[in-house]
Amino acid sequence: MRTEMQPDQDEHHPETTGMVPDSQAAEVVAELADIRDRLDTVLTTIGGQSSRRVVLDRDDPDEPDLYFVLTTALRDWTDGLRHRVQDEPDAPNREDLLRWAETAERLHDFIGKAL
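Note that the structure is predicted; figures quoted are calculated from it, not measured.

Draft legend 1. View of helix α2 (residues 66-87). Along its 22 residues, α2 runs 31 Å from first to last C-alpha, staying within 8% of the 32 Å computed at 1.5 Å per residue. Among the residues making up α2, those that are buried are T71, L74, T78, L81 and V85. All buried residues of α2 fall inside an arc of 95 degrees around its axis, so they share one side. Turned more than 90 degrees away from the buried face of α2, the exposed residues are F68, Q86 and D87.

See the structure below:
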């Protein structure tokens, strides 16, 4: 998962100040981000079936609810697994349920820290 740091609007940036107007700098940054995303797609495609990388862009304008949906789904699924383990202490797949819940919790925490 890729996360990006966004500079503060009020922060002084010598690399853009005096060289190009802020609107042009913003366009350059947007174009570079688009190029980076296309390169990621190309590199993932080159990797073929062996690539198991998923890139989620929480700033994707087409998916404004991505963060909320993903983290809520992970939390709800984890809670459901833990309740099932409590309700069915003799479940044959108890170890799987616990392992999956722990994996979901780690992913949820990773997403939270990354953002």
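Draft legend 2. Region of the structure containing the side chain of T78. Relative to the helices and strands, T78 is located in helix α2. The class of T78 is buried, set by a relative accessible area of 1%. Excluding residues that lie within four positions of it along the chain, T78 makes contacts with A101, A104 and E105.

Draft legend 3. Highlighting the pattern of salt bridges. Going through the model one piece at a time under the given rule, you end up with six salt bridges. Note that D34 and R38 form a salt bridge whose closest N and O atoms lie 3.1 Å from each other. In this pair, D34 and R38 both sit in helix α1 (residues 22-47), four residues apart, roughly one turn of the helix. Given the relative accessible area of 45%, R38 is considered partly exposed.

Draft legend 4. Representation of the confidence of the model for the protein within the structure. For the protein, mean pLDDT is 79; residues scoring 70 or higher make up 77% of the total. Taken element by element, the protein is modelled with least confidence in α1, mean pLDDT 82, and with most confidence in α2, mean pLDDT 92.

Draft legend 5. Representation of the environment of H108 in the model. With respect to the element layout, H108 can be found in helix α3 (residues 94-114). C-alpha of H108 to C-alpha of R75: the two residues are 33 residues apart in sequence and 7.2 Å apart in space.

Draft legend 6. Representation of the nonpolar core in the model. Membership of the largest hydrophobic core is limited to five residues, which are L81, V85, L97, L98 and A101. Of all the secondary-structure elements, those providing two or more residues to this core are α2 and α3. Per element, the largest residue contribution to this core is three residues, and it comes from α3. L97 has contacts with L81, R84 and V85, leaving out every residue within four places of it along the chain.

Draft legend 7. Region of interest: α3. For α3, with 21 residues, the first-to-last C-alpha span of 30 Å sits near the 30 Å given by 1.5 Å per residue. Where α3 is concerned, the buried positions are L97, L98, A101, A104, H108 and I111. All buried residues of α3 lie within an arc of 150 degrees about the axis, which places them on one face of the element. For α3, exposure combined with an orientation more than 90 degrees from the buried face picks out E95, R106 and K113. Tucked into the core, α3 has its buried residues touching α2.

Draft legend 8. A look at a nonpolar patch on the surface. Together, V28, L32, I35 and L39 line one region of the surface with nonpolar side chains, adding up to about 350 Å² of accessible area. With respect to the secondary-structure elements, L32 resides in helix α1. A relative accessible area of 52% places L32 in the exposed class.

Criteria and thresholds
Residues numbered from 1 in each chain as written. Predicted model: local features only at pLDDT ≥ 70, side-chain atom pairs only at ≥ 80, totals over all residues. Heavy atoms only, no water. Helix = DSSP H or I, 4+ residues; strand = E, 2+ residues; numbered from the N terminus. Expected span 1.5 Å × (residues − 1). Buried < 20%, exposed > 50% of the residue type's maximum accessible area, 1.4 Å probe, protein only. Arc of directions from axis to C-beta. Contact = heavy atoms within 4.5 Å. Salt bridge = Lys/Arg side-chain N within 4 Å of Asp/Glu carboxyl O. pLDDT = per-residue confidence, 0-100. Core = buried A, V, L, I, M, F, W, Y, C linked by side-chain atoms within 4.5 Å. Patch = residues over 30% accessible without salt bridge, like charges linked within 9 Å, V, L, I, M, F, W, Y side chains within 5 Å. Areas by Shrake-Rupley, 256 points an atom, 1.4 Å probe, with all protein chains shown as cover.

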